[in-house]
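Architecture and fold: a report
What follows is the residue order along each chain.
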Amino acid sequence: MKKILLITALLISTLAASAQKNTSLSYIDKFKADAIRIMQETGIPASIILGVAMHESACGNSAVAQNLNNQFGVKGGGTSVYYKHKKKVKSSYKQYDSITESFEDFARIMTERKQFSHLADQLTQYDYVAWAKGIQRSGYASSRKWASQVLGLINKYKLYDLDQTPADHPALLQPAPDPTDQTGIQPKMANNQ
C-alpha cells in the first residue's frame, strides 16, 4: 500500500511539474527579440516589456496567457470565453489572436494612453526602474508590490542587458581581427607589442 501511495505521489508531482510549459529562461529566449524590436520602435525598455510579461503571465503559464494569448493582464474588449477542464470560463481579460499582438498592444497602451504616455515622453529605454515605478503609479496594477516584483525579475535575470544596443558599446561595432588573414599584416596589440 505504501508503494502505491509513493508511486501515486511521484506521478502527481511529475505531472504538476510538466504542466508548467515555460520556464523563465525559455520565456526570455522566446520573446526577447520581440521585446528588443518593440523597444527600438517605441523607447519602452525591453527589460520592462519582458519583466511585465513574465510577471503578469507567470512566464506564459497562466490560464489567461495560455487561453487568451494575453501576456500583460490587459482587461477590456468585452467578455472573453475559454474552457478550462471542460468548464466554460468568462473573463474580463482581453483576448488576442497571437502573443505578438499582445506585446504590441502593451506597447500601444504605454505610448498612446494618456495615463501612461507621459512616461514615453519623459523616460529613455535605459530608465527601467523609473518605468516600473511610473507604470505602477499610473494605475497599471493595484498591488503596492507590483513594481518591486517586476524589478526583481529584471534584476534576477539581468533583463536590463537587453536595453543596451551595440551603439552603446563602440568596441562591439568593430569586427574582430581575422586570424586567417593572409595579408601578412599583423593586427596591433592593445599594449603596443
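Calculation criteria
- Every residue gets a number counted from 1 within its own chain, in the order that chain's sequence is written.
- The predicted origin of the model limits local features to residues at a pLDDT of at least 70 and limits the giving and counting of side-chain atom pairs to 80 or more, whereas totals for whole chains, interfaces and linings rest on all residues.
- Derived side-chain values reflect all non-hydrogen atoms in the structure, with water molecules and hydrogen atoms excluded from consideration.
- Where helices and strands are cited, they refer to DSSP runs of H or I of at least four residues and of E of at least two residues respectively, numbered from the N terminus.
- Accessible area is worked out with a 1.4 Å probe on protein chains only. A residue is then buried under 20% of its type maximum, exposed over 50%, and partly exposed in between.
- Note on contacts: a residue pair qualifies if any of its non-hydrogen atoms lie within 4.5 Å across the two residues.
- Whenever a helix is involved, its axis is fitted only over the stretch in contact; in every case the axis is a line through C-alpha atoms, and angles between N-to-C directions fall within 0 to 180 degrees.
- Working definition: roughly parallel below 35 degrees, roughly antiparallel above 145 degrees, roughly perpendicular at 65 to 115 degrees, and oblique for all remaining angles.
- Should the near helix be turned anticlockwise from the far one by less than a right angle, the crossing is termed left-handed; should it be turned clockwise, right-handed.
- In the scheme used here, Gly and all other residues not listed as nonpolar or charged are polar, with Ala, Val, Leu, Ile, Met, Phe, Trp, Tyr, Cys and Pro taken as nonpolar and Asp, Glu, Lys and Arg as charged.
- Throughout, nonpolar core names a set of buried Ala, Val, Leu, Ile, Met, Phe, Trp, Tyr and Cys residues whose side chains join them through atoms within 4.5 Å.
- A 1.4 Å probe that fits into a set of points on a 1 Å grid over the protein atoms alone but cannot get out defines a cavity; an open set with protein on both sides within 12 Å along at least five of seven lines defines a pocket, and lining residues are those with an atom within 4 Å of a point.
- Grid points are joined across faces, edges and corners, and a volume is the space filled by probe spheres set on the points.
- Scored from 0 to 100, pLDDT reflects the predictor's confidence in each residue.
- Being paired, for any two strands, means DSSP has found at least two bridges between them.

Turning our attention to the environment of Ser 138. One can find Ser 138 in the loop between helix 7 (128-137) and helix 8 (146-156). For Ser 138, a relative accessible area of 17% translates into the label buried. Setting aside its immediate chain neighbours within four residues, Ser 138 contacts Gln 115, Phe 116 and His 118.

Quick look at the packing of helix 6 (residues 114-122) against helix 7 now. For any two helices packed against each other, the geometry comes down to the angle between their axes and how far apart the axes lie. Between helix 6 and helix 7, the shortest axis-to-axis distance is 9 Å and the interhelical angle comes to 160 degrees. Relative to helix 7, the element helix 6 lies roughly antiparallel. Like other packed secondary-structure pairs, helix 6 and helix 7 cross with a definite hand, here right-handed. Seen from helix 6, the contacting residues are Phe 116, Leu 119 and Ala 120; seen from helix 7, they are Trp 131, Gly 134 and Ile 135. Considered class by class, the residues forming the contact of helix 6 with helix 7 number five nonpolar, one polar and no charged.

All right, on to unusual backbone geometry then. Even without being glycine, Cys 59 reaches a positive phi, approximately 55 degrees. Position of Cys 59 among the secondary structure elements: in the loop between helix 3 (46-57) and helix 4 (63-68). Residue Cys 59 is classed as buried on the basis of its relative accessible area, which comes to 8%. The phi dihedral of Lys 158 is positive, around 50 degrees, even though this residue is not glycine. Within the element layout of this structure, Lys 158 appears in the loop between helix 8 and helix 9 (170-173).

Formed by 40 residues in total, the largest nonpolar core has its most connected members in Ile 48, Phe 72, Met 110, Ile 135 and Tyr 140. At the level of secondary structure, the elements contributing two or more residues to this core comprise helix 2 (24-42), helix 3, helix 5 (99-112), helix 6, helix 7 and helix 8. At seven residues, helix 3 tops the list of elements feeding residues into this core.

In this model, the largest pocket occupies a volume close to 250 Å³. Counted by class, the lining of the largest pocket contains eight nonpolar, three polar and three charged residues.

The next thing to look at is the confidence of the model for the protein. A low pLDDT score tells you not to read the predicted coordinates there in detail. When pLDDT is averaged across the protein, the result is 83; 75% of the residues are at 70 or more. Element-level pLDDT for the protein is lowest in helix 9, with a mean of 40, against a maximum mean of 98 in helix 3. Throughout residues 169-193 the model reports pLDDT below 50, and contacts reaching past four residues in sequence, or to other chains, amount to four contacts.

Residues in a regular strand point their side chains to alternate faces of the sheet. With six bridges connecting them, strand 1 (residues 75-84) and strand 2 (residues 87-93) associate as antiparallel partners. The residue bridging Val 81 from the neighbouring strand is Lys 90, located in strand 2. Where strand 1 folds back on strand 2, the antiparallel hairpin that results is connected by two residues, among which His 85 adopts a positive phi of roughly 55 degrees.

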